[in-house]
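Spelled out, the chains give:
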Amino acid sequence: MPIIPNAQNSLGAILSQTDGSLTRAGVTVYFHVHLVSDATGETLNALMKASTAQFANVRAIEHVYSLVRSQKQLDRVLSNIEAAPGVVMYTLMSQSFRQRLEVKCHELQVPAISALDPLLNVLANYLGAELSLQPGAQHELDDAYFHRIAALDFTLAHDDGQMSWDLEGADVVLVGVSRTSKTPTCMYLANRGVRAANVPIVPGAPVPEEIERLQSPLVIGLTASPDRLAQIRRNRLLNLGEQTATDYADPDAVREETVRARKLFAKNSWPVIDVTRRSIEETAASILTKLSERRNNMGS
């Protein structure tokens, strides 16, 4: 397993030493990355994954240190960085902690990146405001936090067609056939504070009438390629140990389901999202955009 020993050397330099054979052979290069935070570390984790995704055949060996708020904890972090040198990304509000970390990284000749500094500095200059320097400020038990928890409770209670008579309180209602990622998308939205519910389209069963009469929620139809759905369903049956032939994964039956679903979406003029080549995050981003546009239009 090729590992970049010192992050001060660029990936290009490492590859040039092997005449580029690593990329041509498709060999994955690994490097250590230390994510140091005085909060949960979610921001750093997201930034690192988004960044490394842009490099082919490169994978990060992640060392995560969250809630680093004591000298003893920082000592352990510095010791681990010395044992496995690599890129260091941090979100630390304590100036003394930042200084110790940066000095150690300078000694080891590894880069130390303060992930939020560029954004915070721009915002401070634009707003003419001082930074609070409060660790984990975004995770306070404030109204927004409890709003997210309420959204999660709502989504769990209204998953997979449950309590279909009580959906006017939803922000978003997702409708689709089986395996169109309705539940995981709803959970992702709920974590963003969106009260999301989902209703399945079941072969041979009518969609609850109250769904077509909804006024307040944004109702969105989720669809996917019949071939892709059939493949996903076959895999699901195999994982469940089901060997009996069934229409659930039959390509022709699945195609009929998707046609019926699209007719329902068109009848009610519901916006449609094809999730065939979308991740949960991409589907949710599209839904959030549509929800924002709807709210803006209603407010204008």
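Below is a short write-up of the structure. Computed from a prediction, not measured in an experiment: that's the story for all the values here.

### Remarks on the overall build of the chain
Looking only at helices and strands, the chain has 12 helices and 9 strands in total. Considering the chain as a whole, with its 300 residues, one finds that 36% of them fall into the buried category. On the chain, roughly 17100 Å² of surface is accessible, and the fraction owed to carbon and sulfur atoms is 52%.

### Things to note about the sheet that holds strand S7 (residues 196-200)
Overall, parallel pairing links the 4 strands, which are arranged S7-S6-S8-S9 in an open sheet. Edge positions in the sheet fall to S7 and strand S9 (272-274), since each has one partner strand and no second. For this sheet, the mean inter-axis angle between neighbouring strands, taken without regard to orientation, is 25°. Across the sheet, helix H8 (residues 182-190) lies against strand S6 (172-176), S7 and strand S8 (218-223), angled at about 170° from S7, the strand it touches most. Taken strand by strand, helix H11 (residues 251-267) contacts S6, S8 and S9, and its axis lies near 155° from that of S8.

### Examining the pattern of salt bridges
Between side chains of opposite charge, pairing is possible as soon as their charged atoms come close. Going through the model one piece at a time under the given rule, you end up with 10 salt bridges. A salt bridge links Glu 62 to Lys 49; its shortest N-O distance comes to 3.4 Å. Here Glu 62, found in strand S3 (residues 58-65), pairs with Lys 49, found in helix H3 (residues 42-52); they are 13 residues apart in sequence, far enough to count as distant. Judged by its relative accessible area of 30%, Glu 62 is partly exposed. Taking relative accessible area as the criterion, Lys 49 reaches 45% and is therefore assigned partly exposed. Each of Asp 227, Asp 252 and Arg 255 takes part in salt bridges that share partners, so that together they form one network.

### Thoughts on the pairing of strand S4 (residues 87-91)
Most of S4 is tucked away: 5 of the 5 residues are buried. Neither face of S4 is open: one carries Val 87, Met 89 and Thr 91, the other Val 88 and Tyr 90, and all of them are buried. Bridge count between S4 and strand S5 (residues 112-114): 3 bridges; the pairing is parallel. Residue pairing in the sheet places Met 89 in a bridge with Ile 113 of S5. The handedness of the S4 to S5 crossover, carried by helix H5 (residues 95-108), is right-handed.

### Observations concerning the nonpolar core
Counting 35 residues, the largest nonpolar core has Val 173, Val 175, Ile 201 and Ile 211 as its most contacted members. Of all the secondary-structure elements, those providing two or more residues to this core are S6, H8, S7, S8, helix H10 (226-239), H11 and helix H12 (280-299). If sequence neighbours within four positions are ignored, Val 175 has contacts with Lys 182, Val 199, Ile 201, Ile 211, Val 219, Ile 220, Gly 221, Leu 222, Leu 264, Phe 265 and Trp 270. Listed in part, the 14 residues of the second largest apolar core include Val 77, Tyr 90, Leu 92 and Cys 105.

Procedures and definitions
- Residues numbered from 1 in each chain as written.
- Predicted model: local features only at pLDDT ≥ 70, side-chain atom pairs only at ≥ 80, totals over all residues.
- Heavy atoms only, no water.
- Helix = DSSP H or I, 4+ residues; strand = E, 2+ residues; numbered from the N terminus.
- Buried < 20%, exposed > 50% of the residue type's maximum accessible area, 1.4 Å probe, protein only.
- Areas by Shrake-Rupley, 256 points an atom, 1.4 Å probe, with all protein chains shown as cover.
- Pairing = 2+ DSSP bridges.
- Axes fitted to C-alpha atoms, helices over the stretch in contact; angles between N-to-C directions.
- Contact = heavy atoms within 4.5 Å.
- Salt bridge = Lys/Arg side-chain N within 4 Å of Asp/Glu carboxyl O.
- Right-handed = clockwise from strand over helix to strand, strands pointing away.
- Core = buried A, V, L, I, M, F, W, Y, C linked by side-chain atoms within 4.5 Å.

In short, the description is geometric, and any link to function would need to be established separately.
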